[in-house]
Amino acid sequence: MAEDAFVEITDPQTGKTFFANILTGECTWDKPQNAKVKPKDPNGEWWELFDENHKLLMAIQNSSIGKRVSVALQRASMMGTTTDMPDFSSMGNSQNGGSRLARVEQPNKNGGYQFGSSPPGGASPTSGQNGAGESVWQQAKKFGIGQPVNNPEAAMSMNPFNRKGSIAPQQFERPPTLPKDLQLHITQFRIDGFAQRYFAEHRRGIFRRRVPVEKMLEWQKDTLKSPLMVMNKEYHKEAQKCFKLLQRIMGDRGGVPANSEQHRKEIQELLDKGINSGILRDEIYVQLCKQLSHNPQPESIFRGWQFMCVITIAFPPSKNFEEYLKSFVQQHFGVRENRVDILSKHAHKKLLRICKVGPRGKTISLQEIERAQEAPFLASVFGETLDDIMKTQTAEFPELKLPRILPFLAEAILTLNGCKTEGVFRVPGDVDAVTDLKCRIEKNEYSMAGIVDPNVPGSLLKSWLRDLADPLIPPEHYQPCIDVGANEMAPEAPRNAARIVEQLPEVNRRVVQYMIRFLRIVGDPQNQPFTKMSVGNLAMVFAPNFLRCPSDSPATIFENTKYEQAWLRILITSNVLG
């Protein structure tokens, strides 16, 4: 059995030999009886594993994935580049001790360690020397394996709030990544580890035999006796109620006709549980995945995937469960029965979005639920690329050179006296009114009937720009915009800012030019006493809707914000775009 596979390891601190089970984390100084023991590999390919029970940090070798990552690191070392390593901190543990796989290390030519790797003992990855002539690895080995090395200077230099007088924008450099096939193998490795760590243990029968995870996550018609995820007992009854609601939504336990108002109310009730209680979100997602696995009823499968398209606009899974859910959805891209391919691809797109923006703060309306159910099969103007939006409207309005929604909302703001409304674009519109207007437009009803507040179309305009599948300013033009914004006072700044706009794709360029002309009208000095919105304020509000920083680093995002605003401010105040 795999549980009986041990490896022989030498403790780098004491030099003693002990034996470790890679899967369970169990460690012993004595050679296990009736177990397969694999001798240590003299080639030096290592995994680090920490046993919670015995407090030992070990170097584990001979993993097939480990060897492949070792090769990737070796190539990166030869090329003089760094390798973006995956985070294995979410790997599974067991009753015998939690095992945490760490990064693979390979010594470089100088005897040090390539950045992005970890030497045996968990010391900071560096090959530099200290004042006493000892490397950081030697210090860690001397003072304790796994003990962190304090480096106050590095911490201070990385703090974005300590860069006084800094005017240089933060450059975004995309690090090298592992091959895609290797990334997929590592992702599956993490998914298996997540299942072992976070899924609850179920038992059944008179002998209380343990139910395998893969069997536990298959469709069932009966009620759920306990949660699928590990959670506090106070939430067990709520988890069972969620499962009953899900069965009704999918039609597994009676239920009401699909797409009826009562059906949408049941969906709304289940979504409320996830919105209001974060601990139930992963449980609801796992229950849905369970009911979609080996489901014998075609209608139930369709309704389940429809619900997946709805839930992914309400709240995201936890970071721990995110990769598992993405993998589950992607596995159904090629399933054409019951139109699962269309539904799963749409759900995946919404899942990526909700994981970035976070959960909704308010109950989703019945109108939004209805629209989310129809969305996979109907063209939308929200959350799509500009090219797709233009292709969709060409059949009905071939003469339009801009997305129809843009002039509709802009003219509505001006018609409703937005230029004389205090806080326009800064004050949000009524949430229900904004949602209602959005649903009208999704149904191709471009009507402002009953809406008198210019903040309603104003909020929807910002939302439309912000939710475009691709940013209005493509990523390849982001850094030039930052460079221009960093030199706002330079005489050539207006010309340089306009040159970037001229290089944009045709539809993007027209949208930017239209928006700049519109913001000039709103920001006219004659309107500012009423709106209290200067050009600087407008640039602050709209810069995030024009530009999206491609970096995930908070320090870079924070530092570049002022340059994004400066670039937009240059375009509004100058006349270079006409």
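Report on the accompanying structure. Everything numeric in this text was worked out from a predicted model, so none of it was measured.

### As for the overall build of the protein
And step 1. Tallying secondary structure elements over the protein gives 22 helices and ten strands in all.
And step 2. When the 578 residues of the protein are sorted by exposure, 47% land in the buried category.
And step 3. Here the contacts in the protein between residues at least 6 apart in sequence split such that 69% fall between residues at least 24 apart.
And step 4. Surface accessibility of the protein: about 29400 Å² in total, with carbon and sulfur atoms responsible for 51%.

### Concerning the side chain of H348
And step 1. Take H348: it is sitting in helix α11 (residues 340-357).
And step 2. Among the polar contacts listed, one links the side chain of H348 to the side chain of Q330, at a separation of 3.2 Å.
And step 3. In this structure H348 touches K326, V329, Q330 and F333, once residues within four positions along its chain are discounted.

### Things to note about the environment of F302
And step 1. The topology assignment puts F302 in helix α9 (residues 298-311).
And step 2. Overall, the relative accessible area of 14% leaves F302 in the buried class.
And step 3. Taking the C-alpha atoms as reference, F302 lies 9.1 Å from L292; in sequence the two are ten residues apart.
And step 4. The contact partners of F302, leaving out residues within four places of it in the chain, are N338, R339, L343 and F377.

### Focus on the pairing of strand β2 (residues 17-21)
Sheet faces and side chains relate simply in a regular strand, where the side chains alternate between the two faces.
And step 1. Burial runs high along β2: four of the five residues are buried.
And step 2. For strand β1 (residues 5-10) and β2, the ladder comprises five bridges, and the chain directions are antiparallel. Its bridge partner being in β2, F6 is matched across the sheet by N21.
And step 3. As defined by bridge partners, β2 adjoins strand β3 (residues 27-28) across two bridges and the pair is classed as antiparallel. The partner of F19 across the bridge, within β3, is T28.

### Section: the sheet that holds β2
And step 1. Taken together, the four strands give an open sheet; going across it, the order is β3-β2-β1-β4, and neighbouring strands pair in mixed fashion. Each edge of the sheet is formed by a strand with only one pairing partner; in this case those strands are β3 and β4 (36-38).

### Things to note about the packing of aromatic side chains
And step 1. As enumerated under the stated definition, the model contains seven aromatic pairs in all.
And step 2. A centroid spacing of 6.0 Å and a plane angle of 85° characterise the contact between F425 and F518, whose relative ring orientation is edge-to-face. Here F425, found in the loop between α14 (405-415) and α15 (431-442), pairs with F518, found in helix α19 (residues 506-522); they are 93 residues apart in sequence, far enough to count as distant. Each member of the pair, F425 as well as F518, is classed as buried.
And step 3. Members of the aromatic cluster, each reached through a chain of ring pairs, are F425, F518 and F542.
And step 4. Stacked on the ring of F377, the Lys or Arg R339 has its end atom at 4.5 Å from the ring centre.

### With respect to the nonpolar core
And step 1. Membership of the largest hydrophobic core comes to 66 residues, with the highest contact counts inside it found for F425, I441, W464, M515, F546 and W567.
And step 2. Here this core takes nine residues from α19, the largest share from any one element.
And step 3. Sequence-distant contacts of M515, that is, excluding residues within four places in its chain, are made with L406, L461, L465, F542 and F546.

### A word on the environment of G334
And step 1. Topologically, G334 is positioned in the loop between α10 (319-330) and α11.
And step 2. Note on G334: relative accessible area 67%, which makes it exposed.

### With respect to the pairing of β1
And step 1. Across three bridges, the pairing between β1 and β4 is parallel. Bridge assignment links V7 to a residue of β4, and that residue is K38.

### A look at a nonpolar patch on the surface
And step 1. A grouping of I342, F377 and L378 is seen on the molecular surface, where their side chains present a nonpolar patch of about 230 Å² in accessible area.
And step 2. Mapped onto the fold, I342 is located in helix α11.

### Digging into the side chain of T312
And step 1. Tracing the chain through its elements places T312 in the loop between α9 and α10.
And step 2. Among the polar contacts made by the side chain of T312, one reaches the main-chain carbonyl oxygen of M308 at a distance of 2.8 Å.
And step 3. For T312, the residues in contact, after removing those within four places along its chain, are Y285, A347, K350, L351 and I354.

### As for the pattern of salt bridges
And step 1. In this structure the tally under the stated criterion is 16 salt bridges.
And step 2. As a salt-bridge pair, R440 and D436 come within 2.9 Å of each other at their nearest N and O atoms. Here R440 and its partner D436 are both found in helix α15, four residues apart, which amounts to about one turn of the helix.
And step 3. Its relative accessible area of 16% is what places R440 among the buried residues.
And step 4. According to the relative accessible area criterion, D436 is partly exposed, its value standing at 23%.
And step 5. When the shortest N-O distance is used, the salt bridge between R510 and E506 registers 2.4 Å.

### Quick word on α10
And step 1. Relative to the 16 Å expected for twelve residues at 1.5 Å per residue, α10 spans 17 Å between its end C-alpha atoms, a close match to the ideal helical length.
And step 2. All of the buried residues in α10 are F321, E322, Y324, L325, K326, S327, F328 and V329.

### Quick look at unusual backbone geometry
And step 1. Unlike most non-glycine residues, F425 shows phi in positive territory, near 75°.
And step 2. A relative accessible area of 2% places F425 in the buried class.
And step 3. Backbone geometry at K532 places phi at a positive 60°, although glycine is not the residue there.
And step 4. For K532, the position within the fold is in the loop between α20 (528-531) and α21 (535-546).
And step 5. Here K532 falls in the partly exposed class, since its relative accessible area comes to 44%.

So, how was this worked out
Per chain, residues are indexed from 1 in the order of the written sequence. Confidence filtering applies because this is a predicted model: local features only for residues at pLDDT of at least 70, side-chain atom pairs given and counted only at 80 or more, and all residues used for totals across whole chains, interfaces and linings. Processing note: side-chain calculations cover all non-hydrogen atoms of the structure and skip hydrogens and water entirely. In DSSP terms, a helix is any run of H or I states spanning at least four residues, a strand is any run of E spanning at least two, and both are numbered starting from the N terminus. Throughout, exposure labels follow a simple rule: accessible area from a 1.4 Å probe, protein chains only, divided by the maximum for the residue type, with under 20% read as buried, over 50% as exposed, and the rest as partly exposed. Whether two residues are in contact is decided by their heavy atoms, any of which lying within 4.5 Å being enough. In these tables, accessible area is a Shrake-Rupley quantity obtained with a 1.4 Å probe, and a residue counts as shielded only by the protein chains included in the view. In protein, a polar contact requires one atom able to donate a hydrogen and another able to accept it; more generally it is a pair of N or O atoms within 3.5 Å, and residues adjacent in sequence count only if both atoms are side-chain atoms. Strand pairing is defined by DSSP finding a minimum of two bridges between the two strands. Each aromatic pair joins two rings of Phe, Tyr and Trp (for Trp, the six-membered one) with centres within 6.5 Å, and gets the label stacked for planes under 30 degrees apart, edge-to-face for over 60, and tilted for any other angle. Throughout this description, the term charge over a ring refers to an Arg CZ or Lys NZ atom that lies within 6 Å of the ring centre and within 35 degrees of the ring normal. For this analysis, a nonpolar core means a set of buried residues of the types Ala, Val, Leu, Ile, Met, Phe, Trp, Tyr and Cys, connected via side-chain atoms within 4.5 Å. Surface patches are defined over residues having more than 30% relative accessible area and no salt bridge, joining like charges when they lie within 9 Å and nonpolar side chains (Val, Leu, Ile, Met, Phe, Trp, Tyr) when within 5 Å. Here, a salt bridge means any Lys or Arg side-chain nitrogen found within 4 Å of an Asp or Glu carboxyl oxygen. What a helix is expected to span follows from its residue count: subtract one and scale by 1.5 Å.

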